[in-house]
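Chain residues, written in single-letter form:
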Amino acid sequence: FKAGHVSVYPMLLELQNVDGDLPEQIQLSNPSIGSKITLGFAVVNTPVWVVIKGSDNYGGWSTESSPDPTKTREMKILRDECGRPDRACEMKIKCLSEEQPNVVTGHRLVSGNTDYTEPITLLNGIQPTGQRYGSQCAAPVSADAEPLCEPAIEISEPGWFVVCYCDTNCNEVANWALVGRELITGPDPGQTWRRYTETTFSINITGWGLKSTNQLRLLSPNDDLSFCGMINPATGVEYGPTDRGHGPKAPTSGRTTQALVWSKTEADNSQIISLEYNVQGTKLTFNKRHGLVDGDRVMLEGVRIEAASSDPWDTDRATAVEKMYSSVHEVTLGCDDETTKCHEILIPVSFLASEFPTFSSPTSIVWYRNSEAQFDNIRIRYGYPSLEGRGYRVCWAPDASSPYVGQVGEMRVDDPLLMESRLGLTTVLPQEETLDGRGSPVVVYFKTGSSARYEQADGPMHLYLAIMPGLINYDAEEWSQVMEPMDWQLKAMDETAAGDFLTWESANQVFCGRMFLEMWSEDPGGFPMPDGCYFNEDTVHDNGRPPVKEIHLRFGPRNGLKKETVYMLALNMN
């Protein structure tokens, strides 16, 4: 006979800030459907509370007065390394045996392997409803006042993390539960770049959940990377950007495959056409080339699941599965081959084959890669290279109104090697408007110096010609574009005419042939063959100066210029 029933409610996990709200709200919506899901993504090095509670205030919870506090109310934050094909693991066992990583602060191990800092038990009257971890409390202002508490748990690296909880007898694996997974957004730490002064450049950063609102700040090489977002005790204000240069400009969307936002409409209209069961996760199939590689992270929006029935349990389950997919996922490349028409990736969302969900309108899903962001218009003034072994410090903020909490890495900046140079004209033309068909060849002469770096360089070498505007009236700050580069057909060259050849990555020998009529060297081996060339307009300057037009040559490793050698380049100018 039936004696009664027991209702089981799920535990809920929240990351809360001082206002009791999620640290950052991201609206995920598909305009064609109209409905929205709101997800909270925390940010690196941003203090939060970890709150575990019962839905609708249900649940039986241990409290401060429970016996043996070293084995009750325990919580751990661990890296989520389960689910991927190369990371098979049992999370329950990890919850018991694995120690919390040192990237998590504000919640420390007290003793053994499971006894962590005690929480504050949440109450509804006298009924316990959950636990709050990570409180940093000051003494109350009066005897009858509540203590003043702020969140203190911070995670210094981005990625997916899991929260484990055990209520009683926490030395037993069966009593541990995985309460939930949380994405921590921000840049990957330890990134490095090498650039040169007095040339405008871009840097690409990698991370999790990057957005077009993100900001970068360069600190002086004299500062420490840990100063990002901190108050300078000498001035009483936050450590500010270095005054030795300009930039960077916040990233923009849809420029190249290196851009921050790269959706189905920007990646050659590549669409998701199906999501299917796979023993290693969920297989996504695209209608054409997607361009993704192992380790990329993609955001999915507008995922819709068909409920098995109208029963509330089935509809609630469908909503929960939608939230699982409408998030950021690390990619395992399946294939991306135009010849075989195979364009597939795997994401680590797994179900039993019999329980795999049915997707409604997969072609309506919007996807974009948000694991890389390009920041443009950075320039360091000549004469301000970074110190030997110590670069400019690169800090990150989620938006313009937030502190610089992300410690990205450092950028080594060197002064370029000076060379003897001259410009030879083949004719003199009156100053006229730059039009196609006007112009004549010029010869750029330069002789490399005696630096040993020419012979010691193992990596690629970079040579560029900067065509500077002239200042015709110093007092009035009037500028003139003295010379304009023209291609081999005497067509004016600008960023529009350069087409796809605008970055170091897109440099191509085809563009070298468009710009240079002849290359000569006194070296018996001749002028080294460039790997490619590209064009750029430097607009990072003040006082209304016209852009500096730059023609770049990229040489492969061990195939660059030699020291104390004369070189000449012939090209058209007007």
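The structure displayed is predicted, hence computed values, not measured ones. (Residues numbered from 1 in each chain as written. Predicted model: local features only at pLDDT ≥ 70, side-chain atom pairs only at ≥ 80, totals over all residues. Heavy atoms only, no water.)

## A short note on empty space enclosed by the protein
Put simply, the rule reads: With a 1 Å grid laid over protein atoms only, a set of points is called a cavity when a 1.4 Å probe fits there but cannot get out and a pocket when it is open yet has protein on both sides within 12 Å along at least five of seven lines; lining residues have an atom within 4 Å of a point. Grid points are joined across faces, edges and corners, and a volume is the space filled by probe spheres set on the points. Residues were grouped as follows: Ala, Val, Leu, Ile, Met, Phe, Trp, Tyr, Cys and Pro as nonpolar; Asp, Glu, Lys and Arg as charged; and all remaining residues, including Gly, as polar.
Summed over all chains, the structure comprises four cavities of 30 Å³ or more. Taken as a whole, the largest cavity spans an internal volume of roughly 90 Å³. The class makeup of the residues in the lining of the largest cavity is 11 nonpolar, one polar and two charged.

## Thoughts on the pattern of salt bridges
The condition is simple: Salt bridges, as used here, are contacts in which a Lys or Arg side-chain nitrogen is within 4 Å of a carboxyl oxygen on Asp or Glu. The way it works is that DSSP assigns letters per residue, a run of H or I at least four long becomes a helix, a run of E at least two long becomes a strand, and they are numbered from the N terminus. Buried, partly exposed and exposed residues are distinguished by accessible area as a fraction of the type maximum, computed with a 1.4 Å probe on protein chains only: under 20%, between the cut-offs, and over 50%, respectively.
Per the counting criterion, the structure on display carries 21 salt bridges. Here Arg-79 and Glu-157 are joined by a salt bridge, their closest N and O atoms 3.0 Å apart. Highlighted residues: Arg-79 in strand β6 (residues 74-79) and Glu-157 in the loop between β14 (154-155) and β15 (159-166), separated in sequence by 78 residues. Of the residues examined, Glu-157 reaches a relative accessible area of 25% and is grouped as partly exposed. In this structure, the salt-bridge partner of Glu-344 is Lys-283, at a minimum N-O distance of 3.9 Å. Of this pair, Glu-344 sits in strand β26 (residues 342-347) while Lys-283 sits in strand β22 (residues 281-286), and the two are 61 residues apart along the sequence. Classification of Glu-344 by relative accessible area gives partly exposed; the value is 22%. A cluster of three or more residues bridged by salt bridges with shared partners is formed by Glu-276, Lys-283 and Glu-344.

## A few points about the state of the cysteines
Convention followed: We call a pair of cysteine sulfur atoms a disulfide when they lie within 2.5 Å.
If you walk through the whole model with that rule in mind, you get six disulfides. Two residues share a disulfide in this structure: Cys-512 and Cys-533, whose sulfurs sit 1.9 Å from each other. Its torsion about the S-S bond being 100 degrees, the disulfide of Cys-512 and Cys-533 is classed as right-handed. Here the residue Cys-512 occupies a position in helix α5 (residues 509-515), and Cys-533 occupies one in strand β38 (residues 532-538), the gap between them amounting to 21 residues. By relative accessible area, Cys-533 is classed as buried at 0%.

## Side note on the confidence of the model for the chain
In regions of low pLDDT, the predicted coordinates are not meant to be interpreted in detail. For the record, the criterion: For every residue, the predictor assigns a confidence score, pLDDT, that lies between 0 and 100. The contact criterion used is simple: two residues touch if any of their non-hydrogen atoms lie within 4.5 Å.
For the chain, the average pLDDT comes to 84, and 89% of its residues sit at 70 or higher. A low-confidence stretch, residues 24-39 (pLDDT under 50), is modelled with 37 contacts involving residues beyond four sequence positions or located in other chains. Counting contacts from residues 253-267, a segment whose pLDDT is below 50, to residues more than four positions away or on other chains yields 49 contacts.

## Quick word on helix α2 (residues 312-325)
Going by this rule: Under the convention used throughout, the expected extent of a helix is 1.5 Å for every residue step, that is, one less than its residue count. In this context, the arc is that of the directions from the helix axis out to the C-beta atoms. Under this definition, polar contacts are N or O atom pairs within 3.5 Å; protein pairs additionally need one hydrogen-donor-capable and one acceptor-capable atom, and for neighbouring residues in sequence, both atoms have to be side-chain atoms.
Compared with the 20 Å implied by 1.5 Å per residue over 14 residues, the 20 Å span of α2 between its first and last C-alpha is a close match. The complete set of buried residues in α2 reads Asp-314, Ala-318, Val-321, Glu-322 and Tyr-325. All buried residues of α2 project into a common sector of 105 degrees when viewed along the axis, lining one side. Along α2, exposed side chains directed more than 90 degrees from the buried face belong to Pro-312, Trp-313 and Asp-316. Near the N-terminus of α2, the side chain that reaches the backbone nitrogen of Trp-313, with its oxygen 2.8 Å away, is that of Asp-311.

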